[in-house]
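Spelled out from the first residue to the last, the chains are:
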Amino acid sequence: MNVRITATCLIGLAIVLEGCASGGSPAGIQPQAQALAEEDLPAWVLALPEGEPPRDNDYTNEAALFLFQAEGQEIPESVESLYQQALESAQSGIQFDPTNAQSYVQAGQAYIALGDLAAADEMFDQAEEIYPRSLMETNFYRETEWIQIFNGAVVAMEDDRSSGLADLELAHVIYQGRPEAMMQLGGMYLEDER
């Protein structure tokens, strides 16, 4: 398969994924995971060990407020500052109560927004270890970021193949539940004899 065919396949896949990702949300507003009652949870979530349920406290409330404010902010410097404050609140929450998965999830959200996907992955893993049912929420954040990175990789490959390749590798750092990035990488590695 040559580079043009790979790029064409990636563009087509990106269009499909963008349609799935947009889901009718107003422009610029990211959907938020909603708390569900236990009877509303899917069977696969109920099959997970319950672990230590998340709890609200002053730190989680403060982090939630900063995350909410950041999502509604349009000035890039303010957005970064608010996400940084959310991260600091979440980290304080972790120090205050290291068994509260909610603080780890919030730290993961902030790390994603600040561009540190490895740290976000680590925070989400910790949340899932404490409260395995948080997998439903963390997978939402992971996959949402994966879609953004994957679509960015498709666009980047039009101008710079190596940048697109790096983005596809990055997508797999935060979420391993979708094979598309790795399939594309496999084809590209084969072309590069890697």
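Report follows, based on the coordinates. Computed from a prediction, not measured in an experiment: that's the story for all the values here.

Moving on: the nonpolar core. Counting 42 residues, the largest nonpolar core has Ile112, Trp146, Leu168 and Ile174 as the members making the most contacts within it. Looking at this core, the elements with two or more residues in it are helix H3 (58-72), helix H4 (76-96), helix H5 (101-114), helix H6 (117-130), helix H7 (135-159), helix H8 (161-174) and helix H9 (180-191). Here this core takes eight residues from H7, the largest share from any one element. Once residues lying within four places of it in the same chain are set aside, the contact partners of Ile174 are Ile112, Leu117, Ala120, Asp121, Phe124, Arg142, Glu145, Trp146 and Ile149.

What follows covers the packing of aromatic side chains. Applying the stated criterion to the full structure yields four aromatic pairs. On the basis of an interplanar angle of 50 degrees and a centroid distance of 5.4 Å, the ring pair of Tyr59 and Phe96 is categorised as tilted. A residue pair is termed long-range when its members are at least 10 positions apart, and Tyr59 in helix H3 and Phe96 in helix H4 qualify at 37 residues. Classification of Tyr59 by relative accessible area gives partly exposed; the value is 32%. Aromatic side chains Phe140 and Tyr141 sit 5.3 Å apart centroid to centroid with 75 degrees between the ring planes, which places their arrangement in the edge-to-face category. Looking at Phe140, the relative accessible area reads 26%, which means it is partly exposed. Chaining the aromatic ring pairs together yields one cluster made of Phe124, Phe140 and Tyr141.

Inspection of the secondary structure assignment puts Ser103 in helix H5. The class for Ser103 is buried, based on a relative accessible area of 0%. Setting aside residues up to four positions removed in sequence, Ser103 forms contacts with Thr60, Ala90, Gly93 and Ile94.

For Thr138, the location among the structural elements is in helix H7. Here Thr138 falls in the buried class, since its relative accessible area comes to 0%. Of note is the side chain of Thr138, whose polar atom sits 2.5 Å from the side chain of Glu128. Excluding residues within four positions of it along the chain, Thr138 makes contact with Val105, Phe124 and Glu128.

Turning our attention to the environment of Glu143. Residue position: Glu143 is located in helix H7. Take Glu143: its relative accessible area is 27%, and that puts it in the partly exposed class. When the C-alpha atoms of Glu143 and Gln176 are compared, they prove to be 8.6 Å apart, with 33 residues separating the residues in sequence.

Between the first and last C-alpha of H9 there are 17 Å, a value that for twelve residues agrees with the 16 Å anticipated at 1.5 Å per step. By the burial criterion, the buried members of H9 are Glu180, Ala181, Gln184, Leu185 and Met188. The arc enclosing the buried residues of H9, seen along the axis, measures out at 130 degrees, which places them on a common side. For H9, the exposed residues set more than 90 degrees away from the buried face come down to Met183 and Leu190. Backbone geometry just downstream of H9 places Glu193 in the positive-phi region, at approximately 55 degrees.

So, on to the packing of H5 against H6. The contact between H5 and H6 brings their axes to 8 Å, and the two run at 165 degrees. Classified by the angle their axes make, H5 and H6 are roughly antiparallel. Crossing hand, H5 versus H6: left-handed. On the side of H5, the interface is formed by Ala101, Tyr104, Val105, Ala107, Gly108, Gln109, Tyr111 and Ile112, while H6 contributes Leu117, Ala119, Ala120, Met123, Phe124, Gln126, Ala127 and Ile130. When grouped by side-chain class, the residues that make up the contact of H5 with H6 number 13 nonpolar, three polar and no charged.

What counts and what doesn't
Residues numbered from 1 in each chain as written. Predicted model: local features only at pLDDT ≥ 70, side-chain atom pairs only at ≥ 80, totals over all residues. Heavy atoms only, no water. Core = buried A, V, L, I, M, F, W, Y, C linked by side-chain atoms within 4.5 Å. Buried < 20%, exposed > 50% of the residue type's maximum accessible area, 1.4 Å probe, protein only. Helix = DSSP H or I, 4+ residues; strand = E, 2+ residues; numbered from the N terminus. Contact = heavy atoms within 4.5 Å. Phe/Tyr/Trp six-rings, centres within 6.5 Å; stacked < 30°, edge-to-face > 60°. Polar contact = N/O pair within 3.5 Å; in protein donor to acceptor, adjacent residues only side chain to side chain. Expected span 1.5 Å × (residues − 1). Arc of directions from axis to C-beta. Axes fitted to C-alpha atoms, helices over the stretch in contact; angles between N-to-C directions. Parallel < 35°, antiparallel > 145°, perpendicular 65-115°, else oblique. Left-handed = near helix turned anticlockwise from the far one by under 90°. Nonpolar A, V, L, I, M, F, W, Y, C, P; charged D, E, K, R; others polar.

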